[in-house]
Amino acid sequence: SQTIHQWPATLVQPVGSPLSLECTVEGTSNPNLYWYRQAAGRGLQLLFYSVGIGQISSEVPQNLSASRPQDRQFILSSKKLLLSDSGFYLCAWSLEKEQFFGPGTRLTVL
Amino acid sequence: AQRVTQPEKLLSVFKGAPVELKCNYSYSGSPELFWYVQYSRQRLQLLLRHISRESIKGFTADLNKGETSFHLKKPFAQEEDSAMYYCALSPRGYQKVTFGTGTKLQVIP
């Protein structure tokens, strides 16, 4: 069966520090991969999605970037975190339309 | 561009009362509509999709193209229905999914 992992589960970082959040999927090949930010009152905001290795679509211009170095690995990065980057980050995968979500990472930028 | 609107941030109903969670969308093409649910301390998961025309946990949703709506309904709310509900849209043939801002359903015993 397929599983999706995200780490770390929680992260506290100072303003200006770099960020790397990792997401991996097991049990499937060539999935579509997604990064979302979930905020109260703002719902799920799509940040990036990828339909294949090295293919990244950015939905919101911002301080973040994404990479897909391997088929089942999706990484969310930042060179310098801002206070506004605080939030709950969700990774998801799909083969067709149904999306399967990871447990999320709670990021606090101080 | 596609857009999904959920006008209610919070909906409180008594156990046994009917539930209707509203969802309106804007998209010029042919959309696929979904409802996702997140129970407390659980992952976000698919509840139902319009093309399946199925009832899940007593919930149904009908796509009304004339009113561009996809409201989620249940005739008798249960306490275990308390959760966060998200409406979502994906253009047919594309992988991008746009979510609404979500509605928190609170079922009062």
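Our subject is the structure listed above.
One structure accompanies this document, and this report is about it. This is a predicted model, so every value here is computed, not measured.

1. Some points on the pairing of strand E6 (residues 45–49) of chain B
All names here are of chain B. Along E6, four of the five residues are buried, which leaves the element largely enclosed by surrounding structure. Both strand E5 (residues 31–38) and E6 contribute to a ladder of four bridges, which runs antiparallel. Bridge pairing links Val37 to Gln45 in E6. Here E5 folds back onto E6 in antiparallel fashion, the turn holding six residues, of which Arg41 has a positive phi close to 65°.

2. Focus: the packing of aromatic side chains
Residues and elements named next belong to chain A. On inspection of all chains with the given rule, the structure shows 12 aromatic pairs over all chains. Relative to Tyr36, the ring of Tyr34 has its centre 6.1 Å away and its plane inclined at 20°; by these criteria the two rings are stacked. Accessibility classification places Tyr34 together with Tyr36 in one group, the buried group. Residue class for Tyr36 comes out buried when judged on its relative accessible area of 0%.

3. Thoughts on the pattern of salt bridges
Applying the stated criterion to the full structure yields six salt bridges over all chains. The residue Lys96 of chain B makes a salt bridge to Glu59 of chain A at a minimum N-O spacing of 2.7 Å. Placement of the pair is Lys96 of chain B in the loop between strand E9 (83–91) and strand E10 (98–99) and Glu59 of chain A in the loop between strand E6 (55–58) and strand E7 (65–70), with the two residues belonging to separate chains. Under the relative-accessibility criterion, Glu59 of chain A is labelled partly exposed at 28%. Across the pair Glu98 of chain A and Arg49 of chain B runs a salt bridge whose closest N-O atoms are separated by 3.1 Å. Of the two residues, Glu98 of chain A sits in the loop between strand E9 (87–94) and strand E10 (100–101) while Arg49 of chain B sits in strand E6, which places them in two different chains. If you follow the salt bridges from partner to partner, you end up with Glu20, Lys22 and Lys73 of chain B in one network.

4. Let's talk about the interface of chain A and chain B
The accessible area lost on association of the parts is a frequent measure of interface size. Taken together, the contact pairs 22 residues of chain A with 21 residues of chain B. Between chain A and chain B the total buried area reaches about 1700 Å² when both faces are included, carbon and sulfur atoms providing 52% of it. Looking at the side of chain A facing chain B, the largest losses of area belong to Leu44, Lys97 and Phe101 of chain A, adding up to 36% of the total buried there. Counting every contact that joins chain A to chain B gives two salt bridges. On inspection of chain A and its partner chain B, the count reaches 12 residue pairs in polar contact (both at pLDDT 80 or more). Elements with a minimum of two residues in the side of chain A that touches chain B: strand E4 (32–39) and strand E5 (43–52) of chain A. For the side of chain A that touches chain B, the element with the most residues is E5 of chain A, which contributes five residues. Class assignment for the residues of the side of chain A that touches chain B results in 10 nonpolar, seven polar and five charged.

5. Re the nonpolar core
Grouped together as the largest cluster of nonpolar side chains are 24 residues, with contacts concentrated most on Trp35, Leu47, Leu48, Phe70, Leu72 and Tyr85 of chain B. Within the residue set of this core, elements represented by two or more residues are strand E2 (10–14), strand E3 (19–21), E5, E6, E9 and strand E11 (103–108) of chain B. At four residues, the largest contribution of residues to this core is made by E9 of chain B. Beyond its immediate chain neighbours, meaning those up to four positions away, Phe70 of chain B contacts Cys23, Leu33, Phe34, Trp35, Leu48, Arg49, His50, Ala61, Asp62, Leu63 and Cys87 of chain B. Counting residues in hydrophobic clusters, the runner-up holds 19 residues, among them Trp35, Leu64, Tyr89 and Trp93 of chain A.

6. Side note on the pairing of E11 of chain B
All names here are of chain B. Burial along E11 is one-sided: the residues Thr103, Leu105 and Val107 are buried and none of Lys104, Gln106 and Ile108 is. Strand direction decides the pairing type here: E2 and E11, joined by five bridges, are parallel. Counted as the bridge partner of Val13 is Val107 from E11. Alignment of E9 against E11, held across three bridges, turns out to be antiparallel.

So, how was this worked out
Residues numbered from 1 in each chain as written. Chains lettered and ligands numbered in written order. Predicted model: local features only at pLDDT ≥ 70, side-chain atom pairs only at ≥ 80, totals over all residues. Heavy atoms only, no water. Buried < 20%, exposed > 50% of the residue type's maximum accessible area, 1.4 Å probe, protein only. Helix = DSSP H or I, 4+ residues; strand = E, 2+ residues; numbered from the N terminus. Pairing = 2+ DSSP bridges. Phe/Tyr/Trp six-rings, centres within 6.5 Å; stacked < 30°, edge-to-face > 60°. Salt bridge = Lys/Arg side-chain N within 4 Å of Asp/Glu carboxyl O. Contact = heavy atoms within 4.5 Å. Buried area = accessible area lost by both parts, 1.4 Å probe. Polar contact = N/O pair within 3.5 Å; in protein donor to acceptor, adjacent residues only side chain to side chain. Nonpolar A, V, L, I, M, F, W, Y, C, P; charged D, E, K, R; others polar. Core = buried A, V, L, I, M, F, W, Y, C linked by side-chain atoms within 4.5 Å.

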